[in-house]
Amino acid sequence: MPRTTYPQGARRPLLTRGGFLGAAALASALAPASALAAPMSALSQTLTKAERDALSPADILAAMKQGNERFRTGKSTPRDYAAQQRATAAGQYPAAVILGCIDSRVPAEIVFDVGIGDMFIARVAGNVVNDDMLGSMEFACAVSGAKLVLVLGHAACGAVKGAIDDVELGNLTGLLARIKPAITQTDFKGEKSSKDQAYVDAVAQTNVKLTMALTRQRSPILADLEKKGTIQIAGAMYDLRTGTVDFLS
Ligand SMILES: [Zn+2]
């Protein structure tokens, strides 16, 4: 008899310990119930090296889409963070690195429904790149083995509005300057004002694309890993109103 039953019938959720889907998880999902390793481990354990290494960048992207779907529909996975904290104390094998904004409404682990140890998260206002962010992403992929770089912008971004409004304030001035190329490269018909949400979101999307391009330009390490298919560099926009992450093609 299976140790766990799921309300939706015969299909066991394709979850590994960290919530990621992959070849190993698929094999275990298709195995007889008696051969399944701890079906509830998504609650309390974390991604192992073997599980992470078995995933392709496309598997990870698909799992993140599924995780956002769970979050968006109010079906996030319950997690035992204390158990995950203990399980990750000796090592971490995150599958992805996210470059996101500091906005308090866009907590990446929550909107992708992942647990402790699943993702590296680099956050800076306006999700821009600088040498330190590039170094962090190079560490995540080339040293630690993460396979997906996701630049995550979001709707109604205050940093984007600040760049549009030419805000000047201490060190923020220099940070906003990194967003300004997205303003000049955004084709928009209508009032180009920080009060126009469609305009702000269009600039934010351009900013994600420019950040992806700059990452490839300024990091030969990441660009080479992507060319080899070891990693994928992707972009997405998060909608604050719906909780949906839209991946850019
Ligand atoms: Zn923001």
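Here, every reference points to the structure presented above.
Keep in mind that what you see is a predicted model, and the values were worked out from it rather than measured.

### Here we look at the overall build of the chain
Part 1 of the reasoning: Along the chain, the regular secondary structure elements total 12 helices and five strands.
Part 2 of the reasoning: Counting the 249 residues in the chain, one finds 41% classified as buried.

### Section: the pairing of strand 1 (residues 96-100)
Part 1 of the reasoning: Counting buried positions along strand 1 yields five of five residues, so the element is predominantly enclosed.
Part 2 of the reasoning: Covered by surrounding structure in strand 1 are Ala96, Ile98 and Gly100 together with Val97 and Leu99, the residues of both alternating faces.
Part 3 of the reasoning: As paired strands, strand 1 and strand 2 (residues 119-123) are joined by five bridges and run parallel to one another. What sits directly across from alanine 96, in strand 2, is methionine 119.
Part 4 of the reasoning: Strand direction decides the pairing type here: strand 1 and strand 3 (residues 148-154), joined by five bridges, are parallel. Paired with isoleucine 98 across the two strands is leucine 150, which belongs to strand 3.

### What about unusual backbone geometry?
Part 1 of the reasoning: A positive phi angle is found at aspartate 113, which is not glycine, with a value near 50 degrees.
Part 2 of the reasoning: Here aspartate 113 lies in the loop between helix 6 (108-111) and strand 2.
Part 3 of the reasoning: Overall, the presence of 21 C-beta atoms within 10 Å leaves aspartate 113 in the buried class.
Part 4 of the reasoning: Its identity is not glycine, yet aspartate 166 carries a phi of approximately 55 degrees, on the positive side.
Part 5 of the reasoning: Assignment of secondary structure puts aspartate 166 in the loop between helix 8 (158-164) and helix 9 (172-177).
Part 6 of the reasoning: For aspartate 166, a count of 12 C-beta atoms within 10 Å puts it in the exposed group.

The rules behind these values
- Residues numbered from 1 in each chain as written.
- Predicted model: local features only at pLDDT ≥ 70, side-chain atom pairs only at ≥ 80, totals over all residues.
- Helix = DSSP H or I, 4+ residues; strand = E, 2+ residues; numbered from the N terminus.
- Buried ≥ 20, exposed ≤ 12 C-beta atoms within 10 Å, placed from the backbone.
- Pairing = 2+ DSSP bridges.

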